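An overview of the molecular structure
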There are 2 protein chains.
Amino acid sequence: MSAFLDNLRAIVGTANVLDGPADMAPFLRDWRGRYTGRALAVLRPGTVEEVAALVRACVAAGVPVVPQGGNTGLVLGSVPDGQGNAVVLSLARLNRVRAIDPVNRTMTVDAGCILQNVQAAAAAAGCLFPLSLASEGTCTIGGNLSSNAGGTGVLRYGNARELCLGLEVVTAAGDLWSGLTGLRKDNTGYDLRDLFIGAEGTLGIITGAVLKLYPAPKASITALAALRSPAQALQLLSLVQDRAGSSLTGFELMSAYCLALVARHFPALPRPFAATHPQYVLLELSSSESEAHAVGLLESAVGAALEGGIIDDAVVATSEAQSRGLWQVREHISMAQAAEGKNIKHDISLPVSRIADYIASTEPRLQEAFPGCRLVCFGHLGDGNLHFNVAPPSGIDNEAFLVNQEKVNRVVHDAVAAFGGSISAEHGIGALKREELARYKSPVELALMRAIKRALDPHNLMNPGKIL
Amino acid sequence: MSAFLDNLRAIVGTANVLDGPADMAPFLRDWRGRYTGRALAVLRPGTVEEVAALVRACVAAGVPVVPQGGNTGLVLGSVPDGQGNAVVLSLARLNRVRAIDPVNRTMTVDAGCILQNVQAAAAAAGCLFPLSLASEGTCTIGGNLSSNAGGTGVLRYGNARELCLGLEVVTAAGDLWSGLTGLRKDNTGYDLRDLFIGAEGTLGIITGAVLKLYPAPKASITALAALRSPAQALQLLSLVQDRAGSSLTGFELMSAYCLALVARHFPALPRPFAATHPQYVLLELSSSESEAHAVGLLESAVGAALEGGIIDDAVVATSEAQSRGLWQVREHISMAQAAEGKNIKHDISLPVSRIADYIASTEPRLQEAFPGCRLVCFGHLGDGNLHFNVAPPSGIDNEAFLVNQEKVNRVVHDAVAAFGGSISAEHGIGALKREELARYKSPVELALMRAIKRALDPHNLMNPGKIL
């Protein structure tokens, strides 16, 4: 093993092979702090060629490789297991923006670029890179692509997959596939790009990407609507989509309990309504024309919804500054939740049309199984994506309630399967949801996935134990 | 072999196993009439289960299967080769719209639905299915997905791939994969959907799909702009994208020679300009608000382009009826070309920013090799997709000029490769471009594609000889 590590040092230099426990610790611990794995070493290549050479050395030695970006994943996809026989390959030093082409509206980046830096580089070129998530100050674009990250912009711009035109990948054999095309149309064979995207590093290592850029909207304006039920939220969604089309860039559902948590833990934040309402929707319209155009379109849509009895009350921002204030309520839900104590989290998606029925049918089942439990239900309603989190009844300790995780999962995920939904909308599978995946996927689909894994990673050395 | 055909008759009934030469003829001849293959029989299953049973019977007998939709492909992807040992499996009888969900904005269809019927069913539900191509009255959605069809709507809505949320596929083993989810977010394992999309039937047979629908725009308004060069067309594109964002739904480049061909062969069509200009752009804006909004936005963008000296003249439609008239010029180019006689066709794409340089550098090379040859250059400039067709010099017979196909391909495709483009933007590879693919793809990419083919179709029975 010492000869193996010497080989790696010869490739990337001694300083970039970490094997001391303190040096390795941040690479072995998962983002939520629930798990710490073990590894032979952490490798920090500085070039794509070094990534390829490291993979070849690992294949020759039969050593598993765990690729890692910002290590902000929520499903134990980027940390090694406890065996200690793998290396972690960090892409963090591959962090250059290689090129920006404002006419083609593309940007070529190293996989290790931090998402916020990608956004900033796009903005500096007068463009928008619309992927946006809570961890954007730490996560990397390579990790975003490997996990097909979602976030708040999906309704208008799609997931990470839809924002990528080309990839550069080091295969499981240590070959370099240069697929960095910036083409909108290219029908020359199998879609390798989309196979590596979302594969969580189990088929190869993404080292670079060509990203899609968009014209930056002139303004984005937000409203907060108060409603009686998720069913009304769906009516509102249809109404706004018909009137505003692709100008609708955000549509977030939040229950009264979510806003109550925010109010309790962040009392300084504005409270937009005097009364309490059962549900709220934060909606955002963006205009390529002007702030006035966005405000006018939003006011007219909200007016029609009030008139039609779809919503009970609303606050419409009249400037981008006011809009940012309204977003704060939505953005503080996760932190308010954390301040309240741990709960049992789910990242589910459903056909948009079935969300109201899903909530109406699943909440009573949870109440029956866990009387008094409290649902922290919010999410990207426009995409059918709910964060459907279950907190203990009042007076029950949060940590103690976690023993119910498996039983709660069964209620929530069985209902997801019955409604034609997904048990992982945007977080992926990793090691955490591997058993859930095996439970809910059909044998035919699992067999197809395993055949692909065997074909592209015959020695099962790329992030083993993740997904499959 | 007669026992084999009896097996097939037992599955789908005698009437749905065609083996007479006259019955089989339309299924064996390609759309452009350049090639006729041979087959044991043409199979016409009426259910998905029959498709699976037929595939299992073919696998047991070692008989290749050529899936076929509307048979409108342009690259010999849906007809069998000349060996006569394969069956053609027509999806034409699987032609039901299974379900429409206007709130989820999805539609579940059989693979054999004709594209125009899919569009009409969406429209009847108050929605838009934006895929649109010349052959839409004949082609099927299964074929569109298998070839990842493009067309004029790609700029705003993407290729067929981007319009599909879920698939149902009969695998090469004759198993049924039911992946008919209508989810916008689903990160549960490898992206099988996008692997079957664009695989031209070489990995399995698409039998059904969940398609994305969009709110129908209130109006689409068109302008025709006259310019000096493709470089100015790119400036116009950037200007309109910055002002109109996703309201820009069409951006088509046409050279003076294209419009001259239309004027010669369709003299009854309107001629929008008195003078001749080197290039023209047809641009379309769509509004979710109103016709007046679309007209205003387009007039203001065209006005800015005139003022900035980017365009020399323009006609802006003031109604949808006028807009349809302007589209006719663009739509008649292919027919005018056909009336003029055969030419050497290319379906290429490039990074949008490189198109002007590509044309400027490639046209002189063609002139050098084939003095006096005439370029019929038009296409979806907004997507970087050009139909870059080479017609003989004046006085040279069109048929006789076709002997130069290989040499012309080399000039055009070598330049495509040098500019980072694709030799097949929207038509696919089929049997026609298989050798071109092998010439221009990297060995690493070809090896990955072959590994996937072997993994999913180990007996090489699914549309053999296509793509790889």
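Residues numbered from 1 in each chain as written. Chains lettered and ligands numbered in written order. Predicted model: local features only at pLDDT ≥ 70, side-chain atom pairs only at ≥ 80, totals over all residues. Heavy atoms only, no water.

The criterion, for reference: UniProt positions are given in the numbering used here, feature names are shortened, and annotations may be inferred rather than shown by experiment.
Under an unreviewed UniProt entry, chain A has the name FAD/FMN-containing dehydrogenase and belongs to Pseudoduganella lurida. As recorded by UniProt, the Sequence similarities (unreviewed entry) comment attached to chain A reads in full: "Belongs to the FAD-binding oxidoreductase/transferase type 4 family." Its UniProt record gives chain A the following Cofactor (unreviewed entry) comment, quoted word for word: "FAD".

Quick notes on the relation of the copies chain A and chain B
Test applied: Alignment of copies: least-squares fit on C-alpha atoms of residues with pLDDT of at least 70 in both copies. Note on definitions: a residue-residue contact is assigned when non-hydrogen atoms from the two residues lie within 4.5 Å.
Mapping chain A onto chain B calls for a screw motion: a turn of 180° about the axis and a shift of 0.0 Å along it, with 0.0 Å RMSD after fitting. The symmetry that links the two subunits is that of a two-fold axis. Residue by residue, 100% of the interface of chain A is reproduced at the interface of chain B, so both copies engage with the same surface.

Overview of the interface of chain A and chain B
To keep things clear, this is the line we draw: Accessible area that two parts lose when put together, evaluated with a 1.4 Å probe and summed over both, is termed the buried area. By convention in these notes, a salt bridge is any Lys or Arg side-chain nitrogen within 4 Å of a carboxyl oxygen on Asp or Glu. Definition of a polar contact: a pair of N or O atoms within 3.5 Å, with one able to donate and the other able to accept a hydrogen when the atoms are protein atoms, and with sequence-neighbouring residues admitted only if both atoms are side-chain atoms. In this description a helix means any DSSP run of H or I spanning at least four residues, a strand means any run of E spanning at least two, and both kinds are numbered starting from the N terminus.
The partner chain B presents 81 residues to the 80 residues of chain A that form the contact. Summed over both partners, the interface of chain A with chain B comes to about 6,400 Å²; 56% of that surface belongs to carbon and sulfur atoms. The largest share of the area that chain A buries against chain B comes from A:Lys185, A:Asn187 and A:Tyr190, three residues that together contribute 17% of it. At the boundary of chain A and chain B, one finds 8 salt bridges. Between A:Arg161 and B:Asp191 there is a salt bridge whose closest N-O contact spans 3.1 Å. Linking chain A to chain B there are 51 residue pairs in polar contact (both at pLDDT 80 or more). Residue assignment for the side of chain A that touches chain B shows that the elements contributing at least two residues are α6 (154-157), β9 (176-179), α7 (192-196), α8 (230-244), α10 (291-307) and α17 (443-456) of chain A. The greatest single-element share of the side of chain A that touches chain B, amounting to 9 residues, is contributed by α17(A).

A look at the domain arrangement of chain A
Residue and element names in this part refer to chain A. The condition that has to hold: Marked domain ranges trace back to an automatic or database domain assignment. Under this grouping Gly is polar, as are all residues other than the nonpolar Ala, Val, Leu, Ile, Met, Phe, Trp, Tyr, Cys and Pro and the charged Asp, Glu, Lys and Arg.
Here chain A is described as being made up of domain 1 (2-90), domain 2 (97-215), domain 3 (219-334) and domain 4 (341-430). Put simply, the middle of domain 2 and the middle of domain 4, counted by C-alpha atoms, are 30 Å apart. The partner domain 4 presents 7 residues to the 9 residues of domain 2 that form the contact. Around 540 Å² of area is buried between domain 2 and domain 4 when both sides are counted, 42% of it from carbon and sulfur atoms. On the domain 2 side of the interface with domain 4, the three residues burying the most area are Gly151, Leu155 and Glu200, jointly 59% of the side's total. Where domain 2 meets domain 4, there are 4 residue pairs in polar contact (both at pLDDT 80 or more). Per-class residue counts for the side of domain 2 that touches domain 4 are 3 nonpolar, 5 polar and 1 charged.

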